[in-house]
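Observations on the model geometry
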Amino acid sequence: MKEPSAPNTLIHVIAERCSGCRRCEIACSMVHCGIPTPQRSRIRILPLPRRTGFIPVLCQACEDAPCLKTCPMNARLRTAEGAVVTDEESCIGCRACLYICPYGAPTVSPDDGKTLTCDRCAGEPGGPWCVAACRDCGALEAVRPEELFVRGSRAAARTLRHVWSPPRSRRCAS
Amino acid sequence: MRILIIGNGIAGGEVAFGLRRAGSADEITILSAEEVPEYDPCSLPYFLGRDVPRPRVFRRRFEDYSSAGIRLETGDAAVAIDPQARRVHTSSGREYAFDRLVLAHGGSLFVPPIPGIDKPGVHRCKQLPEADRLDRHRGSAAVVIGSGAIGIEAAEALKKRGYAVTVIEVMDWILPALFDPETAGRLKRRLERCGIAALTGERVLRIEGTQAVAAVVTDRRTIACDTVVLATGIVPGVALARTAGIEVGRGIRVNERLETRVSGIFACGDCVETVDACTGEDAMFQLKHNAIEQARIVVRNLRGEPAAYPGAWAFARAHFFDTHAVSFGKTTRATQCELGQLEIIEREAGEDYLRVILKEGIIVGGQAIGRFADAAGLLIGAMWRRESIPLLRARRELLGGPPTATPWTTRKLGELLGLTG
Ligand SMILES: Cc1cc2nc3c(=O)[nH]c(=O)nc-3n(C[C@H](O)[C@H](O)[C@H](O)COP(=O)(O)OP(=O)(O)OC[C@H]3O[C@@H](n4cnc5c(N)ncnc54)[C@H](O)[C@@H]3O)c2cc1C
């Protein structure tokens, strides 16, 4: 009866490294649709206001995912690997999953209006294609969930030190 | 322990199967008034409109119950509870003993006292057998009474099935519980463009017809039709709880562990009265996600882990043909009797529309049509975090500064609300 509640592969996003090149979108649509069509990509690059940065947005497969509870067709499913995907046979394209998503992650398919989300390239021997496509920038990394905390905190500490380093006079004497 | 669950809907099913997932070895029985395994009422309009085949409405199969060791008693409704003897009596005259009881029997359709409402041709679509009956019915002109989410979804389904459809709403705008008139007016125009007539501020006086339905008479006109669908709202089932002397308000009253005044009797789903997770006010949001979350709290308490329910949340999509809209939190009408400075932020781009309601600088609700709706999650997040919009406005530079200084969700929120200038 035990069901996975969290993914066993996560894609760790290091947004500061994203150049906005959108190679991930091309790779994603290639692996899922066989043709390079960024509109069908399950990862999307969101430019920040005035293009001050870029944010790769993709389904985080939340532990207590609200889309699983709000889909009127029960079409949002947790896979055995822990990803959260749309069952296209049941999806009616109502976008409830998109509207309740804290990141607006699901992509609406331009073909039939159904939603598409990241399945971590389940079954691909080389792992997620977007990660491979992002090798040059290194904004995407495939990690195990337990690694994520450590990496995330280290990265945050690095940038925070840079942004908010305390004035010299207030530094602790050591 | 013997755990008895009344109602095999969203909440009841989640309690039973949630208990097993949590490792419970208790004796679990579900008492169901219906003959089928658990289905999703939210899916019914889409089966009716032939968007999906009928089997897609089911959330479980009979085998799921037997393989989980859950006893499912079908076609027998609970009629009375004896809290002292710890027994439930059913309509067939049977008795079920329990150690813990879970009331998860939902609500029922509010049937307005309109003359002619019992005529053949008057349908409902709250439960599967009702949707089946409407599915088998052969008509060509339908009047849907009530323009709530269910009424609009039923109207779309019937339109897809080739019916001429008219929706009648007694309030001055459609979807009145979910949207303000400004948003609803736009949705009404889009509904009419899809060929569905929407009459607002109009009251149904009677349903006419010698044998079956032939017309609906309102205070303004007579509409010839052969089909009527009642979508007049859901009222929580409280009668059963009263038989046990359990306190009821609009719904069954529960404490934060979702236990009623009678120890060992819990309640969850459409039958309970709870609180708004954002405001702490009394709330009756009869929505699927709330039923599921409440059921999970009941499971934890039944497992002996004291768990408090944080409250229900209002969130609903409105979707018909190529129109996509969403509503969350409060409408302006719902904030009317409250103190505090209201501010409305509106944005419009072509046919897309955004309307955000702030009280004392905090988002308390919002409505969006089209592209703006795609970012609803950011607004809902800001509402839950009680982010101060005046502060964002005052510190506009943070919205454009280095990416690490402000979370991207806040920066996008600023852009969405037009604060970035
Ligand atoms: C057409 C329709 C569309 C909807 N769309 C949405 C939507 O898009 N999003 C959303 O969030 N919500 C939606 N809802 C609401 C949602 O379905 C409910 O909030 C949810 O089903 C509540 O779950 P529940 O278990 O409390 O009640 P229900 O799912 O209604 O289950 C209660 C069960 O108890 C049974 N029962 C009743 N009395 C007794 C008794 N005395 N003895 C034994 N059994 C009994 C009933 O027959 C029923 O099977 C919709 C509802 C309808 C009708």
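Since we're looking at a predicted model, the values are computed, not measured. (Residues numbered from 1 in each chain as written. Chains lettered and ligands numbered in written order. Predicted model: local features only at pLDDT ≥ 70, side-chain atom pairs only at ≥ 80, totals over all residues. Heavy atoms only, no water.)

1. Re the overall build of chain B
Helices and strands together make up the secondary structure of chain B, namely 12 helices and 26 strands. Relative to a compact globule of 421 residues, whose C-alpha radius of gyration would be 22 Å, chain B shows 23 Å and is just as compact. Counting only C-alpha atoms, chain B reaches 70 × 60 × 40 Å along its principal axes. Expressed as a percentage of the 421 residues in chain B, the buried residues total 57%. Considering only contacts in chain B between residues 6 or more positions apart, those separated by 24 or more positions represent 61%. (Helix = DSSP H or I, 4+ residues; strand = E, 2+ residues; numbered from the N terminus. Rg over C-alpha atoms; globule rule 2.2 N^0.38 Å. Buried < 20%, exposed > 50% of the residue type's maximum accessible area, 1.4 Å probe, protein only. Contact = heavy atoms within 4.5 Å.)

2. Notes on the site of the ligand
All names here are of chain B. Around the ligand there are 30 residues in total, and Ala11, Glu34, Asp270, Lys288 and Arg317 lie nearest to it. Within the backbone of alanine 11, an N or O atom sits 2.7 Å from an oxygen atom of the ligand. Take leucine 287: an N or O atom from its main chain is 3.4 Å from an oxygen atom of the ligand. Protein coverage of the free-state accessible area of the ligand, which is 1000 Å², stands at 89%. Listed by contribution, the elements that provide at least two residues to the shell around the ligand are helix H1 (10-21), helix H5 (149-160) and helix H8 (288-302). Among the residues forming the shell around the ligand, the class breakdown is 15 nonpolar, nine polar and six charged. Counting the residues that make up the shell around the ligand, at least three belong to each of domain 1 (2-107 + 234-302) and domain 2 (122-230). (Near = heavy atom within 4 Å. Polar contact = N/O pair within 3.5 Å; in protein donor to acceptor, adjacent residues only side chain to side chain. Areas by Shrake-Rupley, 256 points an atom, 1.4 Å probe, with all protein chains shown as cover. Nonpolar A, V, L, I, M, F, W, Y, C, P; charged D, E, K, R; others polar. Domains from an automatic or database assignment.)

3. Observations concerning the pattern of salt bridges
All chains considered together, the criterion is met by 48 salt bridges over all chains. Between glutamate 351 of chain B and arginine 193 of chain B there is a salt bridge, and its shortest N-O distance comes to 3.0 Å. Of the two residues, glutamate 351 of chain B sits in the loop between strand E24 (342-349) and strand E25 (352-359) while arginine 193 of chain B sits in helix H6 (residues 181-193), which places them 158 residues apart along the sequence. A residue is classified by how much of its surface remains accessible, and arginine 193 of chain B, at 54% relative accessible area, is exposed. Taking the shortest distance from any N to any O, the salt bridge between glutamate 343 of chain B and arginine 393 of chain B comes out at 2.8 Å. Of this pair, glutamate 343 of chain B sits in strand E24 while arginine 393 of chain B is found in helix H10 (residues 389-394), placing the two residues 50 residues apart along the sequence. Exposure remark for glutamate 343 of chain B: the relative accessible area of 29% places this residue in the partly exposed category. Counted as one network, the salt bridges with shared partners bring together Asp64 and Lys69 of chain A together with Glu14, Arg21, Glu38, Arg59, Arg60, Glu293 and Arg296 of chain B. (Salt bridge = Lys/Arg side-chain N within 4 Å of Asp/Glu carboxyl O.)

4. Some words on the confidence of the model for chain B
Counting all residues, the mean pLDDT for chain B is 96, and 99% of those residues have values of 70 or more. In the predicted complex, the global pTM is 0.94; the interface-specific ipTM is 0.95. (pLDDT = per-residue confidence, 0-100.)

5. Observations regarding the nonpolar core
Of all hydrophobic cores here, the largest spans 56 residues; its most connected members are Leu140 of chain A together with Val356, Ile363, Leu379, Ile389 and Leu417 of chain B. Ranked by residue count, the leading element in this core is helix H9 (residues 376-385) of chain B, at six residues. Among residues more than four places away in sequence, those in contact with leucine 417 of chain B are Ile345, Arg347, Val356, Leu379 and Ile389 of chain B. Formed by 52 residues, the second largest nonpolar core is a distinct cluster that contains Val102, Ala241, Val299 and Tyr309 of chain B. (Core = buried A, V, L, I, M, F, W, Y, C linked by side-chain atoms within 4.5 Å.)

6. A short note on a nonpolar patch on the surface
Together, Ile26, Met30 and Trp129 of chain A give the surface a local cluster of nonpolar side chains, amounting to about 250 Å² of exposed area. Along the chain, the position of tryptophan 129 of chain A falls in helix H4 (residues 129-133). (Patch = residues over 30% accessible without salt bridge, like charges linked within 9 Å, V, L, I, M, F, W, Y side chains within 5 Å.)

7. A look at the packing of aromatic side chains
What characterises a pair of aromatic rings is the spacing of the ring centres plus the angle enclosed by the ring planes. Residues and elements named next belong to chain B. Counted according to the given criterion, the structure contains four aromatic pairs over all chains. Ring geometry for phenylalanine 17 and tyrosine 65: centres 5.2 Å apart, planes at 75°, overall edge-to-face. One end of the pair, phenylalanine 17, is in helix H1; the other, tyrosine 65, is in helix H3 (residues 62-67), with 48 residues separating them in the sequence. In this pair, the class of phenylalanine 17 matches that of tyrosine 65, namely buried. A ring pair is formed by tryptophan 313 and tryptophan 384, whose centres lie 5.5 Å apart and whose planes are at 80°; its orientation type is edge-to-face. Of the two residues, tryptophan 313 is situated in the loop between H8 and strand E22 (315-320) and tryptophan 384 in helix H9; the sequence distance between them amounts to 71 residues. The class for tryptophan 313 is buried, based on a relative accessible area of 8%. Aromatic rings pair up to connect Trp313, Phe315 and Trp384 into one cluster. We note arginine 60 situated over the ring of phenylalanine 17; from NZ or CZ to the ring centre the distance is 4.0 Å. The ring of phenylalanine 372 is capped by arginine 371, whose NZ or CZ atom sits 5.0 Å from the centre of that ring. (Phe/Tyr/Trp six-rings, centres within 6.5 Å; stacked < 30°, edge-to-face > 60°. Lys NZ or Arg CZ within 6 Å of the ring centre and 35° of its normal.)

8. Concerning the interface of chain B and chain A
If you look at the interface, chain B gives 41 residues, while chain A gives 37 residues. Inspection of the chain B/chain A interface yields four salt bridges. As a salt-bridge pair, arginine 296 of chain B and aspartate 64 of chain A come within 3.6 Å of each other at their nearest N and O atoms. For the pair chain B and chain A, the interface holds 11 residue pairs in polar contact (both at pLDDT 80 or more). Among the elements of the structure, H1, H8, E22, strand E23 (323-329), H9, helix H11 (396-400) and helix H12 (408-416) of chain B are those that each provide at least two residues to the side of chain B that touches chain A.

9. Some thoughts on the side chain of threonine 409 of chain B
Positionally, threonine 409 of chain B belongs in helix H12. Relative accessible area serves as the criterion here: at 16%, threonine 409 of chain B is assigned to the buried category. Not counting residues up to four positions away in its chain, the partners in contact with threonine 409 of chain B are Pro102 and Tyr103 of chain A together with Leu378 and Arg385 of chain B.

10. So, the sheet that holds strand E6 (residues 95-97) of chain B
Residue and element names in this part refer to chain B. Sheet architecture is open: three strands sit in the order E4-E5-E6, paired in antiparallel fashion. Two strands lie at the open edges of the sheet, namely strand E4 (78-82) and E6, each paired on one side alone. When strand polarity is set aside, the average angle formed by the axes of neighbouring strands in this sheet is 25°. Taken together, the four bridges between E4 and strand E5 (residues 87-90) define a ladder with antiparallel strand orientation. Its bridge partner being in E5, aspartate 82 is matched across the sheet by arginine 87. (Pairing = 2+ DSSP bridges. Axes fitted to C-alpha atoms, helices over the stretch in contact; angles between N-to-C directions.)

11. A short note on the environment of glutamate 169 of chain B
Residues and elements named next belong to chain B. If you trace the backbone, glutamate 169 turns up in strand E11 (residues 164-169). Sequence separation between glutamate 169 and serine 147 is 22 residues, and the spatial gap between their C-alpha atoms is 5.5 Å. Other than its neighbours up to four places away in sequence, glutamate 169 contacts Gly146, Ser147, Gly148, Ile174, Pro176, Leu199, Thr200, Gly201 and Glu202. A distance of 2.6 Å separates polar atoms of two side chains, one belonging to glutamate 169 and the other to serine 147.

12. Things to note about the domain arrangement of chain B
All names here are of chain B. For chain B, the domain assignment lists domain 1 (2-107 + 234-302), domain 2 (122-230) and domain 3 (322-416). Taking only C-alpha atoms, the centre of domain 1 and the centre of domain 2 are 30 Å apart. Listed by partner, the interface residues are 18 residues for domain 1 and 15 residues for domain 2. Here domain 1 packs against domain 2, burying approximately 1500 Å² in sum over the two surfaces, 62% of which is carbon and sulfur. (Buried area = accessible area lost by both parts, 1.4 Å probe.)

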